[in-house]
Amino acid sequence: MSFDVPFILPVLPDSARLVEDYEDIISSNWFTNFGPKERAFSAAVAGRIGTSGAVTFTNATIALMGLIRGALGPGERASHILVPSFTFAAGPAAIEWAGFTPLFVDIEPEGLQPDIDQAYTALDRRDDIAAILLCNTFGIGNSAIARWEALAEQHGIPLLIDSAAGFGSDYADGSPVGTAGLAEVFSFHATKPFAIGEGGAVTTDDPRLASTMTSFQNFAFEPGIGATALGLNGKLAEIPAAIGLRQLERFDAALHSRREVLARYRAGIGDGWGFPDGIERSSVCFATIIAPDRSRRDTALSSLVAAGVEARAYYAPVVHRQPMFSDAPRAGTLAVTEAMADRVVSVPVHESMAPAAIGRVLDVLGTVTA
Ligand SMILES: *Cc1c(COP(=O)(O)O)cnc(C)c1O
């Protein structure tokens, strides 16, 4: 089915500029394995975020696996990693692939972000939590980030952060998302605000962690020795790296435009409907709206789709309701996760989105009554 207003509409670099990059790559005869475009893109990502290092990856899911392995070494099933269920399943899947067990934590209702109070209780009561995989859900920098860092430090465990949709977002104190915890992970998938197609990066100030991840993404090979640990292939190739470099040149304008679209949605939304706290500090991957109740959420979704708007419900079903993860342990009740998953409706945000498309979304939502 095609929609008048698709969920995503990535703006990719001007093809004339990319032709030059493509010709550079062909003439250098260097297509992947830490080539000049990838090296420049990694440096530019670190420079933009303000960390000492950035390791680019073929996608964020493999970056998450590399980060968990790099921070903790080979996993043990008896060892848990705290992670929200209200997120994309890639984080919990990466935990499993790295050999650990996800332990689901609830969210708070205002920002839909992981609940720090439940995390405190879980870490006080259990001694089998090896790390926290905080998710900056919807790319929104957690408003309690300093408390999360203090909690991890108090228990001597790493704070790893899945900020997949948050390249360009800021924390409440104005510092960039990408600078907190031991490391943060970004996705550059076509659906994200900073899109190159498939790609990802981990930003960190820990050079040892960066070099472990670089080894992991290159089969854990060492020259003359071969595989020194369990690695895989997670390297970013030259063509997507070249796209990333071009995207960075115009990213500030893209960010500005996405935030303006959000501002229009906020100005036009009806009483009883809301947005997660902090969304205005994000790079606005899409706009998740919180409906007054489930029935109006359901009506909103079906009416939007009927009106040609590709709306979705992020994140529903939540991860602990998905078959793969239905048996995973929980840190406590997931009552807020379940309640809020029934009330979310996610609407498109495009760079330079047509005012008529924004108006169509708002008009449809305006017709939804109890
Ligand atoms: C998109 C996303 C991912 C996966 O990113 P890929 O680059 O597609 O692997 C992981 N976590 C969250 C929260 C995401 O939104």
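Our subject is the structure that appears above.
Below: a short report on this structure.

## Some details on the pattern of salt bridges
And then number 1: Within the structure shown, the criterion is met by 20 salt bridges.
And then number 2: Where Arg360 meets Asp4, a salt bridge forms, and the shortest distance between an N and an O atom there is 2.9 Å. Here Asp4 lies in the segment before helix 1 (15–28) and Arg360 lies in helix 12 (residues 355–367), a separation of 356 residues in the sequence.
And then number 3: Owing to a relative accessible area of 30%, Arg360 belongs among the partly exposed residues under this scheme.
And then number 4: Residue Arg312 pairs with Glu310 through a salt bridge whose shortest N-O separation is 3.1 Å.
And then number 5: Beyond isolated ion pairs, a larger network of salt bridges with shared partners links Arg17, Glu20, Asp21, Asp24, Lys37, Arg246 and Glu249.

## Quick notes on the sheet that holds strand 6 (residues 183–187)
And then number 1: The 7 strands lie next to each other as 1-7-6-5-4-2-3, forming an open sheet whose pairing is mixed. At either end of the open sheet lies a strand with only one pairing partner, and these are strand 1 (53–57) and strand 3 (101–105). Between one strand axis and the next, the sheet turns by 25 degrees as a mean value, whatever way the strands run.
And then number 2: Where helix 4 (residues 90–97) meets the sheet, its contacts fall on strand 2 (80–84), strand 3, strand 4 (129–135) and strand 5 (159–162), and the angle it forms with strand 3 comes to roughly 145 degrees.

## A word on the site of the ligand
And then number 1: Close to the ligand lie 13 residues, the nearest being Ala60, Thr61, Asp162, Ser187 and Lys192.
And then number 2: Ala60 has a polar backbone atom sitting 2.8 Å from an oxygen atom of the ligand.
And then number 3: A distance of 2.6 Å separates an oxygen atom of the ligand from a polar atom in the side chain of Thr61.
And then number 4: Protein burial of the ligand: of its 390 Å² of free accessible surface, 90% is covered by the chains.
And then number 5: Each residue belonging to the shell around the ligand can be placed in one class, and the counts come to 5 nonpolar, 6 polar and 2 charged.

Analysis parameters
Residues numbered from 1 in each chain as written. Predicted model: local features only at pLDDT ≥ 70, side-chain atom pairs only at ≥ 80, totals over all residues. Heavy atoms only, no water. Salt bridge = Lys/Arg side-chain N within 4 Å of Asp/Glu carboxyl O. Helix = DSSP H or I, 4+ residues; strand = E, 2+ residues; numbered from the N terminus. Buried < 20%, exposed > 50% of the residue type's maximum accessible area, 1.4 Å probe, protein only. Pairing = 2+ DSSP bridges. Axes fitted to C-alpha atoms, helices over the stretch in contact; angles between N-to-C directions. Contact = heavy atoms within 4.5 Å. Near = heavy atom within 4 Å. Polar contact = N/O pair within 3.5 Å; in protein donor to acceptor, adjacent residues only side chain to side chain. Areas by Shrake-Rupley, 256 points an atom, 1.4 Å probe, with all protein chains shown as cover. Nonpolar A, V, L, I, M, F, W, Y, C, P; charged D, E, K, R; others polar.

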